[in-house]
Amino acid sequence: RDSSTSRGLGDVYKRQMQTSKIISQAKEIQSWIVEKRRTIHQHPELMYEEFETSKLVQKTLSDLDITFEKDIAITGVVGIVGNGNGPCIALRADMDALPIHEETDIDFKSKIDGKMHACGHDCHTAMLLGAARLLKENEEEINGTIKLIFQPAEEGGAGGKMMRDHGVLQNPKVEQIYALHVAGTMPMGTLASREGTLLAGTSTVKIIVKGNGGHAAAPHHTIDPVVTGSKIIVELQTIISRELSPLESGVISITMTKAGNACNVIPSTMELEGTIRSLTLEGILKLQTRVKEVAESIAIANRCKAEVTFPGNDYPPTINDAECWNLGKSAAIEILGDAQVAEMGPIMGGEDFAYYTQEIPGCFSFLGVGNTEIDAVYDVHHPMFKVDEEALPLGAAIHVNSALKALKSLREG
Ligand code: NI
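Rules of the game
- Residues numbered from 1 in each chain as written.
- Predicted model: local features only at pLDDT ≥ 70, side-chain atom pairs only at ≥ 80, totals over all residues.
- Heavy atoms only, no water.
- Phe/Tyr/Trp six-rings, centres within 6.5 Å; stacked < 30°, edge-to-face > 60°.
- Helix = DSSP H or I, 4+ residues; strand = E, 2+ residues; numbered from the N terminus.
- Buried < 20%, exposed > 50% of the residue type's maximum accessible area, 1.4 Å probe, protein only.
- Donors = N, O, S within 2.8 Å, 3.2 Å for Na, K, Ca; no water.
- Contact = heavy atoms within 4.5 Å.
- Pairing = 2+ DSSP bridges.
- Axes fitted to C-alpha atoms, helices over the stretch in contact; angles between N-to-C directions.
- Core = buried A, V, L, I, M, F, W, Y, C linked by side-chain atoms within 4.5 Å.

Caption draft 1: Representation of the packing of aromatic side chains within the structure. Using the criterion set out here, one finds four aromatic pairs in the structure. Seen from their ring centres, Phe353 and Phe364 are 5.4 Å apart, and the 40 degrees between their planes marks the pair as tilted. With Phe353 in the loop between strand S15 (341–343) and helix H9 (354–357) and Phe364 in strand S16 (residues 362–370), the pair connects residues that are 11 residues apart, well separated along the chain. Since its relative accessible area comes to 0%, Phe353 is described here as buried. Where Phe364 meets Phe366, the ring centres are 5.6 Å apart and the plane angle is 90 degrees; that geometry is what we call edge-to-face. Accessibility expressed as a relative area gives 10% for Phe366, which makes it buried.

Below, the structure written as structure tokens:
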């Protein structure tokens, strides 16, 4: 009994040694990670146009002597670290920016009008490059393979699906995948996630309401698509409030409307676009069916015609594997401390990380980057979104610790 106790303590000591080494090595390269992040932040690129970001990733991996494959799904890059003897896991980052005009006061703000890294994918790429450097420096400790996946087009382009369909989870076969996403409304140095469904399934919706235009002074000689379209917008909300169980989650948001060019002309069409969300795939299908029925019926009742399509890339719900969240949670606790890591409820945001976890177990977690002292209080997708960069080496360290722990647990079966 005594010997087993001492062996247990020895394991704890070894683990603490390893974790503190990861943390100190990550802190040592903090300015290197921050510099990568700032370079990417100043040069944001939209989906499938991440050519410069991709080149920066490739150049960095080359400098680190890490072999990689490039031009996967247009701009995607996959680096490989490890000795190839043993299991294979993957860490994933996304590289694309958003069509938002940056309004922060930081001195490395976006140099491109109308484009901004407002979802923190610059941080994701930089943290994964940091992890790449740390893993390479400690490659002799890796029994197995770690794939570093840098993907394009998370923001509505389903880059993750394209990467998956190009086989990045094969040869060698990836057994588990992990990703971090920054969260501006969580304090710096905290992490949260959950087992099971974390993020919603999403679908875009487009409705073209067709009427018959004419002089605005003679509405009786027209069939007005604007009044009909407005009724559709309002009526769609009843699907959520009256048809969905109050305990089930669903969202229908019409976010874009287009009609007309003059105040005295009734146009002949009105276009509505928006997003549909549910925590299950069945929920998405149910909402899509009802949106189509309601829009078409209201159009008919008002002498119009509605064409309803769901044209975008529909993301499935992001579902975390229970074991992977357990492992990711303990990896994060070792880096951040017990009190800094929490369980959270599901949210209705969507993520194309779901395409990877449709195929293999994985875990997606949120890393806090908020800090009221530097006005880093805004949520992602806000023009004032800011990051406490102290979080970046922590994110890199969590990546490294998760990867090493995952390989270890897979080896031990
Ligand atoms: Ni994002």
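Caption draft 2: Local environment of the coordination of the nickel ion. Within the first shell, the nickel ion binds the protein through Cys119 (SG), His121 (NE2) and His181 (NE2), at distances of 2.2 to 2.3 Å. All donors to the nickel ion come from one chain, and their sequence spacing reads C-x1-H-x59-H. With Cys119 in the loop between strand S3 (88–94) and helix H4 (121–137) and His181 in strand S5 (residues 176–187), the pair connects residues that are 62 residues apart, well separated along the chain. Overall, the relative accessible area of 6% leaves Cys119 in the buried class.

Caption draft 3: Representation of the side chain of Thr145 in the model. The topology assignment puts Thr145 in strand S4 (residues 145–151). For Thr145, a relative accessible area of 6% puts it in the buried group. In this structure Thr145 touches Ile80, Val81, Gly84, Pro87, Cys88, Ile89, Pro172 and Leu407, once residues within four positions along its chain are discounted.

Caption draft 4: Representation of the sheet that holds strand S10 (residues 250–258) within the structure. Strand order in the open sheet formed by four strands is S10-S12-S8-S13, with antiparallel pairing between adjacent strands. In the strand order of this sheet, the two ends are held by S10 and strand S13 (305–309), each with one partner. Strand after strand, the sheet turns through a mean of 20 degrees between neighbouring axes, direction not considered. In terms of strand pairing, strand S8 (residues 201–210) meets strand S12 (residues 269–278) through 10 bridges, oriented antiparallel. By the bridge assignment, Ser203 is partnered in S12 with Ile276. Against the sheet, helix H6 (residues 225–243) makes contact with S8, S10 and S12, and its axis sits at roughly 165 degrees relative to S10, the strand it touches most. Relative to S12, helix H7 (residues 281–301) is tilted by about 155 degrees, and along the sheet it contacts S8, S10, S12 and S13.

Caption draft 5: Main features of the nonpolar core. Core analysis: the largest hydrophobic core is formed by 63 residues, its most contacted members being Leu91, Leu135, Ile146, Leu148, Phe150 and Leu336. If you tally residues by element for this core, the top one is helix H10 (residues 391–411), at 11 residues. Beyond its immediate chain neighbours, meaning those up to four positions away, Leu135 contacts Val81, Leu91, Ile142, Ile146, Leu148, Val400 and Leu404.

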